[in-house]
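# Tertiary structure, described
Spelled out, the chains give:
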Amino acid sequence: MKSIQSKLDTQLIHAGEPQPRFLGVVCLPIFQTVYYEYTSAGDEQELRFIRLNNTPNHVALYKKLASIENGEAALVFASGMAAIATTLLTILKSGEHFLIQNSLYGGTHSLITHDLPAFGIQYDFFNPADPISWKTKLRPNTRAIYVEMITNPLMQVGELPEVVMFSREHRLISVSDNTFVSLVNYHPLECGFDRSLHLATKYLNGHSDIAPGALVGSQELVAQVKNRLVELTTCKTTPPFNVSTILDYLTAQDIPLPINYSMVLEVSLASNLLEGLRRLKNF
Ligand SMILES: Cc1ncc(COP(=O)(O)O)c(C=O)c1O
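Residues numbered from 1 in each chain as written. Predicted model: local features only at pLDDT ≥ 70, side-chain atom pairs only at ≥ 80, totals over all residues.

Among the residues of helix α5 (residues 160-169), those classed as buried are Leu160, Val163, Val164 and Ser167. All buried residues of α5 project into a common sector of 100 degrees when viewed along the axis, lining one side. (Buried ≥ 20, exposed ≤ 12 C-beta atoms within 10 Å, placed from the backbone. Helix = DSSP H or I, 4+ residues; strand = E, 2+ residues; numbered from the N terminus. Arc of directions from axis to C-beta.)

What follows is the structure in structure tokens.
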């Protein structure tokens, strides 16, 4: 445990920081710059432009998030809902179907039940506590499965290892909203999920002053979502100032989060959350 903790401390502080440091500064400055020199002719992917979320601040945050969560790549979005919507609209095409747990954050529920059907995307709810029932929900066009690790607002935790096994068995893309667990306490990708989502309104920042969302996953999956993000016109640019705020918070997060977490454990003694957290720990 000690070695895992010190590795996490090191990742929180150092991962993603540019080497060598710009002009030797210890804190990465905020690059409030729209355009950058275009050095490698011909390769559109090399273009650096603020709308494409690839300033030095963004790149440092992507590397830090991917390192902490043991993913290959990461991406930030202007809000949590932008992260969720862009991810789902990348994974799912018209005529495809996916499974969502029957208790979810209201905004996500509304996106899935009101907006995605307008794009021809079908869904079915499943009971995350009853794996036996899941198979009956599968269709030939089922492509993905979506869960919240700890649900908002009911604080429920489903049979998460079964979700991973089920998605592997049926070749589904598994997506987890890890917001309430945080990237310090739990790493969905290491447990077999394909994508992990976070919000800056909660543990990705926690100061109630910015609202970006983030995605961590494989290089290939994140690249696909990035292309979709560039194509979509709303809610996509995350200002470098906000990105820098998250970087600063993560650097100091090894101290507040364990304290915060132990407070949650105390408060949850009388609720089913404790049982849920126990299950997550053994997962
Ligand atoms: C679990 C969960 N997912 C998604 C969201 C949406 O995030 P945002 O408000 O940043 O768009 C929230 C917001 O509270 C949430 O609690």
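Turning to the sheet that holds strand β6 (residues 195-199), a few remarks are in order. Pairing is mixed across the open sheet formed by 7 strands, whose spatial order is β1-β7-β6-β5-β4-β2-β3. At either end of the open sheet lies a strand with only one pairing partner, and these are β1 (73-77) and β3 (122-126). Averaged over all pairs of adjacent strands, the angle between strand axes in this sheet comes to 20 degrees, irrespective of strand direction. Strand direction decides the pairing type here: β1 and strand β7 (residues 213-217), joined by 5 bridges, are antiparallel. Across the sheet, residue phenylalanine 77 finds its bridge partner in β7, namely glycine 213. Contacts from α5 reach β4 (142-148) and β5 (173-177), with the element oriented near 170 degrees to β4. Here helix α6 (residues 219-231) sits on the sheet and contacts β1, β6 and β7; the angle it forms with β1, its principal contact strand, is near 25 degrees. (Pairing = 2+ DSSP bridges. Axes fitted to C-alpha atoms, helices over the stretch in contact; angles between N-to-C directions. Contact = placed C-beta atoms within 7 Å.)

Quick look at the site of the ligand now. Residues in close proximity to the ligand total 15 residues, the closest being Ser79, Gly80, Met81, Tyr105 and Asn152. If you tally residues by element for the shell around the ligand, the top one is helix α3 (residues 80-91), at 3 residues. Residue composition of the shell around the ligand, by class: 5 nonpolar, 8 polar and 2 charged. (Near = placed C-beta within 6 Å. Nonpolar A, V, L, I, M, F, W, Y, C, P; charged D, E, K, R; others polar.)

Comment: phi is negative for the bulk of residues other than glycine, and the bulk of peptide bonds are trans. Between glutamine 19 and the following residue, proline 20, the backbone shows a cis peptide bond with an omega angle of -5 degrees. Looking at where proline 20 falls in the secondary structure, it is placed in the loop between α1 (2-14) and α2 (56-69). With an omega dihedral of 10 degrees, the bond running from asparagine 152 to proline 153 counts as a cis peptide bond. The topology assignment puts proline 153 in the loop between β4 and α5. Although it is not a glycine, arginine 171 adopts a positive phi angle of roughly 50 degrees. Checked against the element boundaries, arginine 171 lands in the loop between α5 and β5. The exposure class assigned to arginine 171 is exposed, which follows from the 8 C-beta atoms found within 10 Å. With a phi angle near 85 degrees, serine 182 is a residue other than glycine that sits in the positive phi range. You can see serine 182 is positioned in the loop between β5 and β6. Classification of serine 182 by C-beta neighbours within 10 Å gives partly exposed; the count is 19.

Next up on the list: the pairing of β7. Across the 5 residues of β7, 5 count as buried, placing the element largely inside the fold. The pairing of β6 with β7 spans 5 bridges and is antiparallel. Residue pairing for β7: histidine 198 is matched across the bridge by alanine 214.

On to the packing of α3 against helix α4 (residues 106-115). At a closest axis distance of 10 Å, the pairing of α3 and α4 adopts a crossing angle of 30 degrees. The orientation of α3 with respect to α4, classified from their angle, is roughly parallel. With respect to the hand of their crossing, α3 and α4 are arranged in right-handed fashion. Between α3, through Met81, Ile84 and Ala85, and α4, the contact on the second element is made entirely by Gly107, Thr108 and Leu111. In terms of residue class, the contact of α3 with α4 is made up of 4 nonpolar, 2 polar and no charged. (Parallel < 35°, antiparallel > 145°, perpendicular 65-115°, else oblique. Left-handed = near helix turned anticlockwise from the far one by under 90°.)

Turning to the environment of alanine 73, a few remarks are in order. You can see alanine 73 is positioned in strand β1. The partly exposed category is assigned to alanine 73, around which 19 C-beta atoms lie within 10 Å. Through-space distance from the C-alpha of alanine 73 to that of lysine 63 is 7.0 Å; in sequence the pair is 10 residues apart. With residues up to four places along the chain from it excluded, the contact list for alanine 73 reads Tyr62, Ala66, Gly217, Gln219 and Val222.

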